[in-house]
Amino acid sequence: MKVLSGTLVVSGLLSLVAAGKGGHDDHNGGGGGNHPAPRKTCYIPFHPDPKVDDSPSILSTFQKCATNSEIIFARHNYSAYTPISMTGLSNVIVHIEGNLLLPKNQTEVQVKINTTLNQPSTYATPWFYFQGQDITIIGSKDKKWGAFHGFGQQWWDIGNRILRPQLATFNVTNGHLKDLKVIKPIAWGWNLPGKNIHVENHYVDAKPWNGTRDNTVSFPFNTDGFNLSGQNITVDGYWGENGDDCISVINGARDIVVKNGHCGFSSHGLSIGSLGRNGAEHTVANVLFKNWTMDGAVYGARFKSWTGGKGWAENVTWEDITLVGVSTGIFITQNYYDQDKGPRPPNPGNDSTRVTNFHYKNFRGTLGTNWTDGTCISNPCWNYVEGISNNDAVILDLYPGTATALNFQKINVKTHVPSETTQVLCDPATLADGEQDTLGFECQDGPFVAT
């Protein structure tokens, strides 16, 4: 099978079908002195027959215009039917005025993602891989365009979770993503392992047409919005409906700010992790989540590390979070595991990813009527904690002495039934010495009592 990557020569460039434009044209301008070199404009050809794969022409254009260029997808549905690796880019602006469509045939996707040479990410192999420096990708302002279409609904309908791609990896130094839309992704969205990246106005539609958050039918498993493992990354402006983390900050991440967002349908929250899978030593530091609305989510704020994990997470703040019918407002677990592989594994050494300097400020809103969602396909559920109920604002599922400098301020979360009391699950025996004095609420299995 032909694999498309920036290191291969692709023959048979398709004819251009847009306003008489050539393959690429140079702008006039620039000049001597300290002015930048002229930036050439490159128009990506497309074939009028939607059955024809446009991936060769996409790749060929990126190869020809890898430096000092503006690359333009016309207002057309491009058939991106083969995984593409666009590497070695420098000082490139990409305008997506059209849409990029993955194959609708599930077997075709599985075969191609299983044979591509695209660099795998943490959870899967991306269909699109961008690598380089000083790269900007801008979507159309028109809500119908500037979108990546995954046709994930048909995967969700039959519960197909085998050989699924991640949509894209943006492995860039000095990058900018703006006004991009992700429509019905198969699973994970964008993976950002680079550094100095700014994201604006990101949109995700991973809500099934025929399912509900509480129903396993057509549930959109693993439809993370962003997986962030890079450094100095800001996400400012996000609206999404999905069935997993809106934002997942994972191993290696440093200096992350995610703000001004809305998570709907059955999001699994604003998450740190998962960390420490298979006993790995994973680390995360310096993260701020600020000004988010979590609507129907399973969690508002979540930390998750695998049973037996190692490493640490430190200096994380969740602030100004509004909850609307959320299952659990704040959740910390060091007992995460894979429900598809049987019961939670033993941890005789009590190994745990340590957490320190976690701050939760100004949470307000209401809890929902179900502490889990359509991802509950095991018995017990993957997110079951002994004693869990529909009224838990905070759950701390800790190993003894492994969490320090946790602080909760202005937690004003009500149950869905006004007459019922907001609860917490917290074993005081797991708190490190002195933690209760600064925690901000009474650690107990019982009512939430601020201190």
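Structure first, text after, so check above.
Here we summarise the structure given alongside this text. (Residues numbered from 1 in each chain as written. Predicted model: local features only at pLDDT ≥ 70, side-chain atom pairs only at ≥ 80, totals over all residues. Heavy atoms only, no water.)

### Digging into the overall build of the protein
Cut-off, in case you're wondering: Put simply, DSSP marks the helices as runs of H or I at least four residues long and the strands as runs of E at least two long, and each gets a number from the N terminus on. The quantity called the radius of gyration is restricted to C-alpha atoms. Its globule counterpart is 2.2 Å times the number of residues to the power 0.38. Partly exposed describes any residue whose relative accessible area lies between the buried limit of under 20% and the exposed limit of over 50%, with all areas from a 1.4 Å probe on protein chains only and scaled to the type maximum. Only heavy atoms enter the contact rule, under which two residues are in contact if any of them lie within 4.5 Å. The accessible surface values rely on the Shrake-Rupley method and a 1.4 Å probe; as for residues, cover is taken only from the protein chains in view.
Scanning the protein from terminus to terminus reveals four helices and 27 strands. Since a compact globule built from 451 residues should have a radius of gyration of about 22 Å, the 23 Å found for the protein is in line with a globular shape. Principal axes of the C-alpha set define a box for the protein whose edges measure 70 × 55 × 40 Å. When burial is assessed residue by residue, the protein has 57% of its 451 residues classed as buried. Partitioning the contacts of the protein with sequence separation of at least 6, the portion at a separation of at least 24 is 73%. Here the protein has roughly 17700 Å² of accessible surface; of this, 49% comes from carbon and sulfur atoms.

### A short note on unusual backbone geometry
It is generally the case that most residues other than glycine have a negative phi and that most peptide bonds are trans. In this chain, glycine 273 is followed by serine 274 through a cis amide linkage whose omega measures 20°. Checked against the element boundaries, serine 274 lands in strand E18 (residues 270-275). The linkage connecting asparagine 379 with the following residue, proline 380, adopts the cis geometry, with an omega of 5°. Positionally, proline 380 belongs in the loop between strand E23 (354-367) and strand E24 (392-397). Even without glycine at this site, lysine 184 takes up a positive phi of about 45°.

### So, helix H2 (residues 106-115)
As a reminder of what qualifies: Whenever two N or O atoms come within 3.5 Å, that pair is a polar contact, provided that in protein one can donate a hydrogen and the other can accept it, and provided that, for residues adjacent in sequence, both atoms are side-chain atoms.
Along H2, the residues classified as buried are Gln106, Val109, Gln110, Lys112 and Ile113. Contact partners of the buried residues in H2: strand E8 (126-139) and helix H3 (153-157). The N-cap residue of H2 is asparagine 105: its side-chain oxygen and the backbone nitrogen of threonine 107 are 3.0 Å apart.

### Considerations on the side chain of serine 248
Note that serine 248 resides in strand E16 (residues 247-249). Polar side-chain contacts of serine 248 include one of 2.6 Å to the backbone oxygen of glycine 273. Setting aside residues up to four positions removed in sequence, serine 248 forms contacts with Tyr123, Asp224, Phe226, Asn227, Leu228, Ser271, Gly273 and Ser274.

### A look at the nonpolar core
Threshold: Nine residue types can take part in a nonpolar core, namely buried Ala, Val, Leu, Ile, Met, Phe, Trp, Tyr and Cys, and a core is a set of them joined through side-chain atoms within 4.5 Å.
In terms of nonpolar packing, the biggest core is built from 97 residues, with Phe128, Trp190, Ile247, Ile272 and Trp318 touching the most fellow members. Residue contacts for tryptophan 318: discarding those within four places in its chain leaves Leu270, Ile272, Phe289, Ala301, Arg302, Phe358, His359, Tyr360, Lys361 and Phe363. By size, the runner-up hydrophobic cluster in this structure holds 12 residues, among which are Trp306, Phe331, Tyr336 and Val385.

### Re the packing of aromatic side chains
We apply this condition: Between rings of Phe, Tyr and Trp, where Trp is taken as its six-membered ring, a pair exists when centres lie within 6.5 Å; planes separated by under 30 degrees are stacked, by over 60 edge-to-face, and by other angles tilted.
By the definition in use, this model includes 27 aromatic pairs. Pairing phenylalanine 73 with tyrosine 78 gives two aromatic rings, centres 5.0 Å apart and planes at 85°, and the pair type is edge-to-face. For the pair phenylalanine 73 and tyrosine 78, one class covers both residues: buried. Connected via pairs of aromatic rings, a cluster forms that spans Phe46, Phe62, Phe73, Tyr78, Phe128, Phe130, Phe148, Phe170 and Trp190.

### Remarks on the pairing of strand E4 (residues 67-73)
For clarity, the threshold we go by: By the convention used here, strands pair only if DSSP detects at least 2 bridges between them.
Burial analysis of E4 places five of its seven residues in the buried class, the great majority of the element. Strand direction decides the pairing type here: strand E3 (residues 40-44) and E4, joined by five bridges, are parallel. By the bridge assignment for E4, isoleucine 44 is matched with phenylalanine 73. Two elements, E4 and strand E6 (residues 84-96), share six bridges in a ladder whose sense is parallel. In the sheet register, serine 69 faces E6, and the bridge partner there is valine 92.

### Remarks on the environment of valine 355
For valine 355, the location among the structural elements is in strand E23. Each C-alpha atom, one on valine 355 and one on tryptophan 292, is 23 Å from the other, the two residues being 63 residues apart in sequence. Valine 355 has contacts with Phe303, Ala313, Thr402, Ala403, Thr404 and Leu406, leaving out every residue within four places of it along the chain.

### Notes on the state of the cysteines
For clarity, the cut-off: When the sulfur atoms of two cysteines come within 2.5 Å, that pair is taken as a disulfide.
Summed over the entire model, instances satisfying the criterion amount to four disulfides. Each sulfur of the disulfide joining cysteine 376 and cysteine 381 lies 1.7 Å from the other. Negative torsions about the S-S bond denote left-handed disulfides, and the value of about -75° found for cysteine 376 with cysteine 381 makes this one left-handed. Its relative accessible area of 23% is what places cysteine 376 among the partly exposed residues.

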